Amino acid sequence: MALVFVLLFIFFIFLVVWVLLRLFRVPYPSTFALYFGSPGCGKTTFLTRLAVKKVKKYHVFTNFDINYPEIYSFEKSDIGTYAFPDCSLLLFDEGSLNGFDNRDFKTNFKDNNSLEYFKLLRHYRNSIVFGNQGFDELDKKIRTLTNEFWIVKKFWKFSYAIRVFKYTDVDPDTKQIIDGYRFPSGLKLLFFPRYVQIIYRPMWYKYFDSYERPALDEIDKKEWIRKESEELPAQL
């Protein structure tokens, strides 16, 4: 009996180690992927880890600075203008802020070939991964083409991403074809760790500036205080 318990304990330890290794693994990205979540949840960190871990397998291009060799920069205007090499991985952070906001759908693809490039991404043998705060903020044309969604959340110094699956259905009321989304079931999360990713964020901070932002003119604090005092209502 004691031997049975020992074997079960060893099996349990191996199972836990296997699950943890799977959870912390870095999966190969699909052709079109999106990581989305609230500010500071770890989206850029996931993209950074992807860049560093896959730079030996892909030509990696990012629209934000990463302090690591052989990772190249690109901008929105480069998409559809230049031919990225075969087996290129493009990481586009803050998609809605950097030119693909859903509210600007009339101009996002105007006078450029970016939409054609996105639709023929597989033909170009490229992959692109977007990071964005709001799911609905990103242009709908991009969301329609996306075939891999990850919602990102944080817990203490860790962040985790859960796969969100897209499916097509028919609305019972309008009889229109609609896109639906669902989380994997609890059993799949337990037995298929590839549906969840976990990262320890501080491990990746050395590669990028999490406070990177556009430069603005500094405010004159004395002038600001003076204006605030002038706007205060007169004392009764």
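This text gives an overview of the structure that appears in the document. Fair warning: this is a prediction, and the values are worked out from it, not measured in the lab.

### Quick word on the overall build of the protein
Thinking step 1. Looking only at helices and strands, the protein has 6 helices and 9 strands in total.
Thinking step 2. Across the 236 residues that make up the protein, the buried fraction comes to 39%.
Thinking step 3. Taking the contacts inside the protein whose residues are at least 6 apart along the sequence as the reference set, 67% of them involve residues at least 24 apart.
Thinking step 4. Counting only carbon and sulfur atoms, one obtains 59% of the accessible surface of the protein, whose full area is about 15700 Å².

### A word on the side chain of Ser159
Thinking step 1. As for its position among the elements, Ser159 is in strand S7 (residues 158–170).
Thinking step 2. Given the relative accessible area of 1%, Ser159 is considered buried.
Thinking step 3. Of note is the side chain of Ser159, whose polar atom sits 2.5 Å from the backbone oxygen of Cys41.
Thinking step 4. When sequence neighbours within four positions are dropped, the list of residues in contact with Ser159 reads Cys41, Gly42, Phe46, Val152, Lys153, Lys154, Gln197, Ile198, Ile199 and Arg201.

### Looking at the environment of Asn63
Thinking step 1. With respect to the secondary-structure elements, Asn63 resides in the loop between strand S2 (59–62) and strand S3 (71–73).
Thinking step 2. Expressed as a C-alpha distance, the spacing of Asn63 and Phe92, which sit 29 residues apart in the sequence, is 5.5 Å.
Thinking step 3. For Asn63, the contacting residues outside a window of four places in its chain are Phe74, Leu91, Phe92, Asp93 and Asn98.
Thinking step 4. Reaching out from Asn63, the side chain makes a polar contact with the backbone nitrogen of Asp93 at a distance of 2.8 Å.

### Observations regarding the side chain of Glu148
Thinking step 1. Along the chain, Glu148 turns up in strand S6 (residues 148–155).
Thinking step 2. Put simply, Glu148 is tucked away with no salt bridge, and the nearest opposite charge, on Arg163, sits 4.2 Å away.
Thinking step 3. Within the local environment of Glu148, its side chain forms a polar contact with the side chain of Trp150, the two groups lying 2.7 Å apart.
Thinking step 4. With residues near it in sequence (within four places) discarded, Glu148 still touches Ser30, Phe32, Ala33, Leu34 and Arg163.

### As for the packing of aromatic side chains
Thinking step 1. On inspection of all chains with the given rule, the structure shows 27 aromatic pairs.
Thinking step 2. Ring centres 5.6 Å apart and planes at 25° place the aromatic pair Tyr35 and Phe46 in the stacked group. Note that Tyr35 is positioned in strand S1 (residues 32–36) and Phe46 in helix H2 (residues 43–54), a separation of 11 residues in sequence.
Thinking step 3. Classification of Phe46 as buried rests on a relative accessible area of 2%.
Thinking step 4. With centroids separated by 5.2 Å and ring planes inclined at 55°, the aromatic side chains of Phe36 and Phe135 adopt a geometry described as tilted. Note that Phe36 is positioned in strand S1 and Phe135 in the loop between strand S5 (126–132) and helix H4 (140–145), a separation of 99 residues in sequence.
Thinking step 5. Among the aromatic residues, those joined into a cluster by ring pairs are Phe32, Phe61, Tyr72, Phe74, Phe84, Phe92, Phe100, Phe109, Tyr117, Phe118, Tyr124 and Phe130.
Thinking step 6. One Lys or Arg, Lys76, reaches over the ring of Phe100 and ends 4.8 Å from the middle of that ring.
Thinking step 7. Lying over the aromatic face of Phe135, Arg143 brings its terminal NZ or CZ to 5.3 Å of the ring centre.

The rules behind the values
- Residues numbered from 1 in each chain as written.
- Predicted model: local features only at pLDDT ≥ 70, side-chain atom pairs only at ≥ 80, totals over all residues.
- Heavy atoms only, no water.
- Helix = DSSP H or I, 4+ residues; strand = E, 2+ residues; numbered from the N terminus.
- Buried < 20%, exposed > 50% of the residue type's maximum accessible area, 1.4 Å probe, protein only.
- Contact = heavy atoms within 4.5 Å.
- Areas by Shrake-Rupley, 256 points an atom, 1.4 Å probe, with all protein chains shown as cover.
- Polar contact = N/O pair within 3.5 Å; in protein donor to acceptor, adjacent residues only side chain to side chain.
- Lys, Arg positive; Asp, Glu negative; His and termini not counted.
- Salt bridge = Lys/Arg side-chain N within 4 Å of Asp/Glu carboxyl O.
- Phe/Tyr/Trp six-rings, centres within 6.5 Å; stacked < 30°, edge-to-face > 60°.
- Lys NZ or Arg CZ within 6 Å of the ring centre and 35° of its normal.

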